[in-house]
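Single-letter residue listing:
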Amino acid sequence: MTFVRPVFRHPESPTNRLGYTRKFYEGALSTLCAGCGHDSVSGAIIQACFEMAVEPHRVAKLSGIGCSSKTPAYFLANSHGFNSVHGRMPSVATGAYLANRDLMYIGISGDGDSASIGMGQFVHAIRRNLNITYIIMNNGCYGLTKGQDSATADFGSKSKAGIPNMYQSIDMAGLALELGASFVGRSFSGDKEQLIPMIKAAMSHPGFALIDVVSPCVTFNNNQGSTKSYDYTREHIETTAAVDFVPLMSEITAQYEEGNSINVNLHDGSVIHLSKLAKDWDPQDRHSAMNRLYHAKASGEVLTGLIFIDTETRDLHSLLNTTDTALNSLGKENLCPGSSVLEDINAALR
Amino acid sequence: MNPTNIKDPEYFHKVVDCQYACPAHTPVPEYIRLIAAERYTEAYMINWESNVFPGVLGRTCDRPCEPACRRGRVEEEPVAICRLKRVAADYKGDVKNLMPKGPFTPNGKKIALIGGGPASLTVARDLAPLGYEIHLFDEQPAGGGMMRSQIPSFRLPESVLNEEVGYILDLGIHAQFRTYVSSMKDMLGKGYDAIFVGTGAPRGRDLNDLPGRQEAGDHIQIGIEFLANVAFEHTSKIGKKVLVLGGGNTAMDCCRTSRRLGGEDVKVVVRSPKAEMKASPWEIEDAVHEDIPIYENHVPKSFVVENGKLKGMMFELVRAEYDEKGKRKLIPTGEPDVFFEADDVLIAVGQENAFPWVERDLGIEFDKWEVPILNKESFQSTLPHVFFGGDAAMGPKNVITAVAQGHTAAVSIDLFCQEKSLTEGRPSPLTNLIHQKMGIHEWMYDSSVASDLRYQVPHADKVKSLKDRLMEVELGYDDQLAFKEAQRCLNCDVQTVFSTSRCIECDACVDICPTDCITFTENGEEEDLRNRLSAPAHELDQDLYVSEELPTKRVMVKDENVCLHCGLCAERCPTAAWDMHKYLYNTAKAGGMKYA
Ligand SMILES: Cc1cc2nc3c(=O)[nH]c(=O)nc-3n(C[C@H](O)[C@H](O)[C@H](O)COP(=O)(O)OP(=O)(O)OC[C@H]3O[C@@H](n4cnc5c(N)ncnc54)[C@H](O)[C@@H]3O)c2cc1C
Ligand SMILES: Cc1ncc(C[n+]2csc(CCOP(=O)(O)OP(=O)(O)O)c2C)c(N)n1
Ligand code: SF4
Ligand code: SF4
Ligand code: SF4
Ligand SMILES: [Mg+2]
């Protein structure tokens, strides 16, 4: 087993706007099982950050516990990271985000981490609309603890243990829509063509952006009878639309079929281009998104793509009207203005 | 593209860049691993099977393998393949016992070898164990050809040469040294079943038309004759001021030899720009290190002789210009001619074959350059039982080419003597593809990729070595350095083998591959595919490995160009669709013999 990645890269590796090659966005060599979907999601995050020319020191990656939550060790080695407690990543993210609004936040969680122990935290992070790209690597099981069914396992789905799941599943994308999330997408670890632009769009979205990524657990949940296996996902995958992300200040070069495509303009000037749109679906209409999702569930589709986006969203900082400056850049006089200021406040409340 | 046929023995052979580039196709990574494991004797025998002169070649080989080495495509310098070969020779144990031992049961056939250089000696090594009676003729006092007469001792000690020539002569070769063959006709009359001509390219070019050439007498010498005279101790000193004309390896040997025979102010003068000199970069480097300046763009104009004594030479200054086809023209710059003083001049401006001893009415045909007309595959001449090889066949090349051609000619002679076709059904290479799996993610080879830069070979002290022409300049790697250098090898013979039916298209290999070799995409024509891969793939000599169609209607395409053979794709593959297999490839030797 190799623990050290060779130092050599392709001699003609491209560089991005900052002059970095993709190597600069990599992390340690993964220790996940060979073929784990989570590694592909890490790969997509690396590629997205490279292509967006993200400055690694401007990123904080946060996670809970699980195989999925281990992945921040395997990407963006030059960024900040916090591997928190099982299911508690949202609160750590809330604190970090409130303290330092200048960083870009990537939250990594699993279906166990977010849909079971962390469910209470997850829903409130959405309600509060943290500005975070929240990725759930969803394999329908607790991979790290040897494959017990999770709360997203579909009714009747069988893991390697062979027993059909007897509970109804939670659809994380549907739940997020219900809770008012301003960006909801679903993808598949085996479809980087879709996943990479979705991550880029999510990172550009100024509010809570959920991407629920079907990410098969090869070891415990990739068997016949599982609805989260590579084969099952490939056989049942449908898309709302093909996603292309066009960052700020670049020309749209791809050719799109007229009539069947739309542009979603983001506030920072970038554009999400959607083509081959699904019928009766408008990504900016929550109702139609919910309908499309219910329809997919009823007909056994694994619906992927951008499901809903609200470009007019207001994140927690603007709701709370907090200072524009990250707390670490405010001086002591502002952060701790002294007892006289406290007395004034108290007096005003009397 | 069609799925790659990995059953074609040449497909994986090509991936082992060094072995593929080696004229004798020495299994390089196999011996390098053995060196790392301190199994020098086995490493030596692998070399001996392929290139017959590991000790000689480990010091003097032209190393066509090194510019081809994959390592040179992912970092600055290739693996020191050649100098590792020397390590095997320096540290080996008893090899004599591992070599074929005579007397061999005679097969009743008699073969004559004319010339005793590496080409003929290779034919001898390959045919003697099969029972052929071999008669070797050479005008020199001992075997080795130009390895003895030309390559100076400070690069190749005589003891190393004697040892390796000895291994061959000890196979029961009837060698007749100091015997110049002056008539091919006579040889043909001696009843040999086949005759091999390995007489080299013994004629050094002169500059006869240059004014003053005739008057200067023996202070002007032909480079290769000078070197032979030094080697055979007919010459032991030279003037203080020496000019060496020419930019090839012979010029480098001449100037360095001159420094050791009393030359203090030795200059190399070349017509062309330095960048176009034929000499190997390392030979030039060594000459410069011995305080020998190289003057470029100087065209010899005349020898200056006063009162019958050589004074020096005049040179015209030129610059190189190139037409659209890249053809070079040397244009005089118009500056005044330059005079260099000289006590002696050595002319090293080229070499050619010469066959004054081959009568032209025997059925052996030559082209207009006096080069024998041969079948390129079998080295058979127009007279069926006469074969050529080495420098005699195609003009001056190098030792390893002579050896490779010797092997080919030996196969031909063996087929010829059995009255088999020399072109159809030549024996195919012996190949073997061996699993490297040892545990779940454990390989039988050391898959980790060392990041070290190339290690320098230690040299002897310059002051001392310039005083003694017999003192070897390069000291060779010690075992520690050899180990570290060996670790730089990427094990290109451990192949990534893909099985379409096992692949679940999880992308794990794509994600892990450090050099972006692997892409899953829709199939297409090669040109189109090359533009759609994860990383630029415009190195056209490097193949694309294409799978059959996968369930998603895509194919796996791997650009072999910069694969590190790190095995990570196979380690990350959950279904062992990728697996690492060691590919052994050995060109067939005459009679299917194995020596290692
Ligand atoms: C100065 C110099 C340095 C070189 N350095 C290197 C080097 O570092 N590395 C490298 O790979 N190559 C080097 N070469 C080239 C290399 O020596 C030759 O390419 C190689 O030796 C060719 O081998 P061969 O068997 O074809 O012929 P040769 O080695 O030339 O052997 C031919 C033999 O045939 C004999 N012979 C010729 N005619 C007759 C006859 N009629 N009767 C009897 N005997 C005859 C000759 O005496 C000679 O011994 C060098 C060459 C020169 C000139
Ligand atoms: C407080 C707490 N409770 C339980 C656990 C045990 N535990 C570790 S990981 C895990 C589930 C992880 O599942 P998921 O988030 O889906 O990650 P996966 O491994 O599937 O990627 C559990 C229950 C724990 N580490 N901490
Ligand atoms: S147990 Fe499953 S989720 Fe965890 S690393 Fe292995 S394959 Fe991935
Ligand atoms: S890295 Fe090793 S096996 Fe590969 S070409 Fe170089 S010497 Fe040969
Ligand atoms: S062995 Fe596999 S992972 Fe390693 S460089 Fe080659 S293709 Fe890439
Ligand atoms: Mg899980």
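Thresholds applied
- Within every chain, residues take consecutive numbers counted from 1 along the sequence as written.
- To label them, take the chains in the order written and letter them from A, then take the ligands in the order written and number them from 1.
- Only residues with pLDDT of at least 70 are given local features in this predicted model, and only at 80 or more are side-chain atom pairs given and counted; all residues enter the totals for whole chains, interfaces and linings.
- Excluding hydrogens and water, the side-chain values take into account all heavy atoms of the structure.
- Within this scheme a cavity is a closed region of a 1 Å grid, computed over the protein atoms alone, that accommodates a 1.4 Å probe without allowing it to escape, whereas a pocket is open but has protein on both sides within 12 Å along at least five of seven lines; lining residues each have an atom within 4 Å of a point.
- Grid points are joined across faces, edges and corners, and a volume is the space filled by probe spheres set on the points.
- In this description a helix means any DSSP run of H or I spanning at least four residues, a strand means any run of E spanning at least two, and both kinds are numbered starting from the N terminus.
- Polar here means any residue outside two lists: the nonpolar Ala, Val, Leu, Ile, Met, Phe, Trp, Tyr, Cys and Pro, and the charged Asp, Glu, Lys and Arg; Gly therefore counts as polar.
- Note on exposure labels: buried denotes an accessible area under 20% of the residue type's maximum, exposed denotes more than 50%, and partly exposed covers the range between, all computed with a 1.4 Å probe on protein chains only.
- Only strands that DSSP links by at least two bridges are regarded as paired with each other.
- Seen with its strands pointing away from the viewer, a crossover is right-handed when the path leading from the first strand over the helix to the second is clockwise.
- Here an angle of 0 to 180 degrees is reported between the N-to-C directions of two axes, which are lines fitted to C-alpha atoms, with helices fitted over the stretch in contact.
- Any pair of residues with heavy atoms lying within 4.5 Å of one another is described as a contacting pair.
- One speaks of a salt bridge when a side-chain nitrogen belonging to Lys or Arg is within 4 Å of a carboxyl oxygen belonging to Asp or Glu.
- We define a polar contact as two N or O atoms separated by no more than 3.5 Å, with the added condition that, inside protein, one atom must be a possible hydrogen donor and the other a possible acceptor, whereas residues neighbouring each other in sequence contribute only through side-chain atom pairs.
- Each residue is tested against the molecule or strand, and it is near if at least one of its non-hydrogen atoms lies within 4 Å.
- Surface accessibility in these figures is a Shrake-Rupley result with a 1.4 Å probe; residues are shielded only by whichever protein chains are displayed.
- In these notes, a set of buried Ala, Val, Leu, Ile, Met, Phe, Trp, Tyr and Cys residues joined through side-chain atoms within 4.5 Å is what counts as a nonpolar core.

With that settled, the discussion passes to empty space enclosed by the protein. Residue and element names in this part refer to chain B. Scanning the entire structure with this criterion turns up nine cavities of 30 Å³ or more. Space inside the largest cavity adds up to approximately 130 Å³. Forming the boundary of the largest cavity are 14 residues, of which Arg-59, Arg-83, Arg-155, Asp-286 and Glu-474 lie nearest the centre. Of all elements in the fold, only helix H5 (54–60), helix H8 (81–91) and helix H15 (281–289) reach the threshold of two or more residues within the lining of the largest cavity. With three residues, the top contributor of residues to the lining of the largest cavity is H15. Here the lining of the largest cavity is built from residues that sort into four nonpolar, one polar and nine charged.

Take the pairing of strand S2 (residues 133–137) of chain B next. Consecutive side chains of a regular strand alternate in pointing toward one face of the sheet and then the other. All names here are of chain B. By the criterion of burial, S2 is predominantly enclosed, with four of the five residues buried. When strand S1 (residues 110–114) meets S2, the two strands line up parallel, connected through five bridges. Among the inter-strand pairings, Ala-112 is bridged to a residue of S2, identified as His-135. For the segment spanning S1, helix H9 (residues 118–127) and S2, crossover handedness is right-handed. One ladder, built from three bridges, connects S2 with strand S3 (residues 174–176); its direction is parallel. For Phe-137, the partnering residue across the bridge sits in S3 and is Gln-176.

Residues and elements named next belong to chain B. Within the open sheet, the five strands sit side by side as S3-S2-S1-S4-S16. Their pairing is parallel. If you trace the sheet from one side to the other, it starts and ends with S3 and strand S16 (386–388), each paired once. Averaged over all pairs of adjacent strands, the angle between their axes in this sheet comes to 20°, without regard to strand direction. The strands touched by H9 within the sheet are S1, S2 and strand S4 (194–197), with S1 carrying the most contacts at an inclination of about 160°.

At the interface, 33 residues of chain B touch 26 residues of chain A. At the surface where chain B touches chain A, the tally comes to four salt bridges. Notably, a salt bridge pairs Arg572(B) with Asp39(A), separated by 2.5 Å at the nearest N-O pair. Put simply, chain B and chain A have 15 residue pairs in polar contact (both at pLDDT 80 or more) between them. Among the elements of the structure, helix H7 (71–74), helix H20 (508–512) and helix H22 (568–572) of chain B are those that each provide at least two residues to the side of chain B that touches chain A.

This brings us to the site of ligand 2. Residues and elements named next belong to chain A. The local shell around ligand 2 holds 17 residues, among which Ser-68, Asp-111, Gly-112, Asp-113 and Gly-143 are the closest. One of the side-chain N or O atoms of His-38 is found 2.8 Å from an oxygen atom in ligand 2. Between ligand 2 and Cys-67 there is a distance of 2.8 Å, counted from an oxygen atom to a backbone nitrogen or oxygen. If ligand 2 stood free it would expose 580 Å²; the protein chains cover 74% of that surface. Elements with a contribution of two residues or more to the shell around ligand 2: helix H2 (67–70), helix H4 (111–117) and strand S5 (141–142). If one sorts the elements of the shell around ligand 2 by residue count, H4 sits on top with four residues. Classifying every residue of the shell around ligand 2 by side-chain character gives six nonpolar, nine polar and two charged.

Here we take up the nonpolar core. If you look at the biggest cluster of nonpolar residues, it comprises 72 residues, and the most contacted ones within it are Ile45(A), Phe122(A), Ile135(A), Phe183(A), Ile199(A), Ile211(A) and Ile272(A). Residues in contact with Ile272(A), not counting those within four places in the same chain, are Phe183(A), Ala201(A), Val243(A), Asp244(A), Phe245(A), Ile262(A), Asn263(A), Val264(A), Leu266(A), Leu306(A) and Ile309(A).

A few words on the side chain of Arg572(B). In this fold, Arg572(B) is placed in helix H22. A distance of 3.4 Å separates polar atoms of two side chains, one belonging to Arg572(B) and the other to Ser30(A). Within the local environment of Arg572(B), its side chain forms a polar contact with the backbone oxygen of Cys33(A), the two atoms lying 3.5 Å apart. Excluding residues that lie within four positions of it along the chain, Arg572(B) makes contacts with Met1(A), Ser30(A), Leu32(A), Cys33(A), Ala34(A), Gly35(A), Asp39(A), Ala508(B) and Ile512(B).

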